[in-house]
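Chain residues, written in single-letter form:
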Amino acid sequence: MILDHEIPFSLMKIRQQIQNLDTNSAIFSEFALKHVSDFLDIMQVYRGAMQEAGTKLEILDEEYSMRLSHNPIHHMERRLKSVGSIMEKMERRGFELTLESLKKNVYDIAGIRVVCNYVDDVYAVSKALCDQDDIEVALIKDYIANPKETGYRSLHVICMVPVYLSSGCVKAPVEVQFRTIAMDYWASLEHKLRYKSILPTEERTKHSKTLQDCAKTLAKLEDEMQEVQRDLISTQKKLALGSDSGLNESRQTNS
Ligand code: 0O2
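Just so it is clear, the structure is predicted and the values come from calculations on it, not from any experiment. (Residues numbered from 1 in each chain as written. Predicted model: local features only at pLDDT ≥ 70, side-chain atom pairs only at ≥ 80, totals over all residues. Heavy atoms only, no water.)

### Quick notes on the site of the ligand
To be explicit about the condition: Whether a residue is near a molecule or strand is decided by its heavy atoms; if any one of them lies within 4 Å of it, the residue is near. Here a polar contact is recorded for every N or O atom pair within 3.5 Å, except that within protein the pair must consist of a potential hydrogen donor and a potential acceptor, and residues adjacent in sequence are included only if both atoms are side-chain atoms. Surface accessibility follows the Shrake-Rupley procedure with a 1.4 Å probe radius. Residue values consider only the protein chains on display as shielding.
Near the ligand there are 18 residues, and of these Arg-79, Lys-141, Lys-148, Thr-150 and Glu-190 occur at the shortest range. A distance of 2.9 Å separates an oxygen atom of the ligand from a polar side-chain atom of Tyr-143. Within the contact set of the ligand, a nitrogen atom lies 3.1 Å away from a backbone nitrogen or oxygen of Ala-187. Surface burial for the ligand is 77%, taken as the share of its 730 Å² of free accessible area covered by protein chains.

### Here we look at the sheet that holds strand 6 (residues 168–180)
Just so we agree on the cut-off: In this scheme, strands are said to pair when DSSP sees at least two bridges between them. The helix count covers DSSP runs of H or I at least four residues long, the strand count covers runs of E at least two residues long, and both are numbered beginning at the N terminus. Whenever a helix is involved, its axis is fitted only over the stretch in contact; in every case the axis is a line through C-alpha atoms, and angles between N-to-C directions fall within 0 to 180 degrees. Note on contacts: a residue pair qualifies if any of its non-hydrogen atoms lie within 4.5 Å across the two residues.
With respect to topology, 6 strands assemble into an open sheet ordered 1-2-3-6-5-4, the strand pairing being mixed. Looking at which strands have only one partner, the edges of the open sheet turn out to be strand 1 (2–4) and strand 4 (136–142). For this sheet, the mean inter-axis angle between neighbouring strands, taken without regard to orientation, is 25 degrees. As defined by bridge partners, strand 1 adjoins strand 2 (residues 73–80) across 3 bridges and the pair is classed as parallel. Opposite Asp-4, over in strand 2, you have Arg-78 as the bridge partner. In the packing of helix 3 (residues 36–68) onto the sheet, the strands contacted are strand 1, strand 2, strand 3 (110–116), strand 5 (155–165) and strand 6, and the crossing angle to strand 2 comes to about 175 degrees. Strand contacts of helix 6 (residues 119–130): strand 2, strand 3, strand 4, strand 5 and strand 6, with the helix running at about 170 degrees to strand 6, the strand carrying the most contacts.

### Side note on the packing of helix 3 against helix 6
When two helices pack together, their arrangement is captured by the angle between the axes and the distance separating the axes. Just so we agree on the cut-off: Roughly parallel covers angles under 35 degrees, roughly antiparallel covers those over 145, roughly perpendicular covers 65 to 115, and oblique covers all other angles. Note: crossing handedness is left-handed where the near helix turns anticlockwise from the far helix by less than a right angle, and right-handed where it turns clockwise. Residue polarity is assigned by list, with Asp, Glu, Lys and Arg as charged and Ala, Val, Leu, Ile, Met, Phe, Trp, Tyr, Cys and Pro as nonpolar; anything else, Gly included, falls into the polar class.
It is the contact of helix 3 with helix 6, at a shortest axis distance of 10 Å, that shows an interaxial angle of 125 degrees. For the element pair helix 3 / helix 6, the angle class is oblique. The hand of the helix 3/helix 6 crossing is right-handed. Only Ala-124, Val-125, Ala-128 and Leu-129 of helix 6 make contact with helix 3, whose side of the interface consists of Lys-56, Leu-57, Leu-60 and Tyr-64. Here the contact of helix 3 with helix 6 is built from residues that sort into 7 nonpolar, no polar and 1 charged.

### So, empty space enclosed by the protein
Note the threshold: Space inside and on the surface of the protein is sampled on a 1 Å grid over the protein atoms alone, with a cavity defined as a set of points where a 1.4 Å probe fits but cannot get out and a pocket as an open set with protein on both sides within 12 Å along at least 5 of 7 lines; lining residues have an atom within 4 Å of a point. Grid points are joined across faces, edges and corners, and a volume is the space filled by probe spheres set on the points.
Applying the stated criterion across every chain, the model contains 1 cavity of 30 Å³ or more. Considering only enclosed or pocket space, the largest cavity measures out at about 40 Å³ in volume. Considering the residues around the largest cavity, the lining is formed by Gly-151, Tyr-152, Arg-153, Ala-182, Met-183, Trp-186, Ala-215 and Leu-218. Listed by contribution, the elements that provide at least two residues to the lining of the largest cavity are helix 7 (181–196) and helix 8 (201–254). Considering each element in turn, the lining of the largest cavity owes the most residues, 3 residues, to helix 7. Tallied by class, residues from the lining of the largest cavity come to 6 nonpolar, 1 polar and 1 charged.

### Quick word on the packing of aromatic side chains
Keep this limit in mind: For Phe, Tyr and Trp, rings pair up if their centres lie within 6.5 Å, where Trp contributes its six-membered ring, and each pair is then called stacked (planes under 30 degrees apart), edge-to-face (over 60) or tilted (otherwise). We call a charge positioned above a ring when the Lys NZ or Arg CZ atom is no farther than 6 Å from the ring centre and deviates by at most 35 degrees from the ring normal.
Within the structure shown, the criterion is met by 1 aromatic pair. The positively charged end of Arg-67 is found above the aromatic ring belonging to Tyr-64, 5.6 Å away from the centroid. Of note, Lys-148 hangs over the ring of Tyr-143, and the distance from its end group to the ring centre comes to 5.0 Å.

### Section: helix 2 (residues 26–34)
What counts is decided by this rule: Throughout this description, buried means an accessible area under 20% of the type-specific maximum (1.4 Å probe, protein chains only), exposed means over 50%, and partly exposed covers the range between. This arc describes the spread of directions from the helix axis toward the C-beta atoms.
Buried within helix 2 are the following residues: Phe-28, Ser-29, Phe-31 and Ala-32. Projected down its long axis, helix 2 carries its buried residues within an arc of 160 degrees, all on one side. Exposed residues on helix 2 whose side chains face more than 90 degrees from its buried face are Ala-26, Ile-27, Glu-30 and Lys-34.

### Side note on the nonpolar core
To be explicit about the condition: For this analysis, a nonpolar core means a set of buried residues of the types Ala, Val, Leu, Ile, Met, Phe, Trp, Tyr and Cys, connected via side-chain atoms within 4.5 Å.
Ranked by internal contacts, the top residues of the largest apolar core, which has 53 residues, are Leu-57, Met-87, Ile-112, Val-114, Val-176 and Phe-178. Considering each element in turn, this core owes the most residues, 13 residues, to helix 3. Among the nonpolar cores identified, the runner-up in size contains 9 residues, and Tyr-143, Tyr-152, Ala-182 and Trp-186 belong to it.

### Let's talk about the pattern of salt bridges
Stated formally: Any Lys or Arg side-chain nitrogen found within 4 Å of a carboxyl oxygen on Asp or Glu counts as a salt bridge.
Under the definition given, this model contains 15 salt bridges. Note that Asp-120 is salt-bridged to Arg-230, the shortest N-O span being 2.7 Å. Here the residue Asp-120 occupies a position in helix 6, and Arg-230 occupies one in helix 8, the gap between them amounting to 110 residues. The partly exposed category is assigned to Asp-120, whose relative accessible area is 30%. A residue is classified by how much of its surface remains accessible, and Arg-230, at 40% relative accessible area, is partly exposed. With its nearest N and O atoms 3.5 Å apart, the salt bridge here joins Lys-171 to Glu-136. Taken together, the residues Lys-171 in strand 6 and Glu-136 in strand 4 connect sequence positions 35 residues apart. Using a relative accessible area of 39% as the deciding quantity, one classes Lys-171 as partly exposed. Beyond isolated ion pairs, a larger network of salt bridges with shared partners links Lys-81, Lys-89 and Asp-108.

The following block contains the structure:
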């Protein structure tokens, strides 16, 4: 299942977003307004790349489901970054204000969040995607092996995905965030606390500490549950092999 977050996809909507920009510098809104139709062109290509990657992931999930009677992907979410967030990132990171710099430096305009059932699924599905011939891996950040200070865990992969336009093929980056259900529900609460909370600083600090502890507890729980799942899958594989060889034996006896 793929959930699409609202994608701002018309000149009017993009223009509205730019007019509502909350940047410290008017230069950013002027730049965005001047290039509004270029933004639409860029967004169209990035949306295509995001759809291609989404389809690849859906096909992989279906294949696993057929072969192992197990769906590694619980659900996916897709979103295009708003012009406001793109401008905010360029301003915060001090990137040069040109379209070339935007394409070169902002890798997460198109994003897919792949929420898997288990940690093994995260690594299996991400590897299967990255190994595809037409996918070029630009960057991998493994915050599962190396969690962030906050406790945040996820596997981030920036993939260059081909998009076939009438003028030919272009490759565009898609940030794919792979995580488990537990990592996802932790991250959404932490995100709320960090960006949307009206709590006083002292309370926020206390809750952030609690969330750091929760992240460790969740990681431990996930390890234990993963062991149970591994046992189930390997027994299932053995049984399937056994019934195959049983079938072969009875075929040989009958012939
Ligand atoms: P959104 O709307 O989720 O995309 P930067 O993007 O500048 O912060 P960088 O190095 O490009 O930094 O990206 P990084 O840190 O590898 O990952 C950025 C994205 O990962 C964030 O996107 C979040 O989705 C997620 N993320 C990273 N760290 C944390 C964290 O500590 N807590 C939570 N809840 N999420 C995190 P955006 O851009 O914030 O927004």
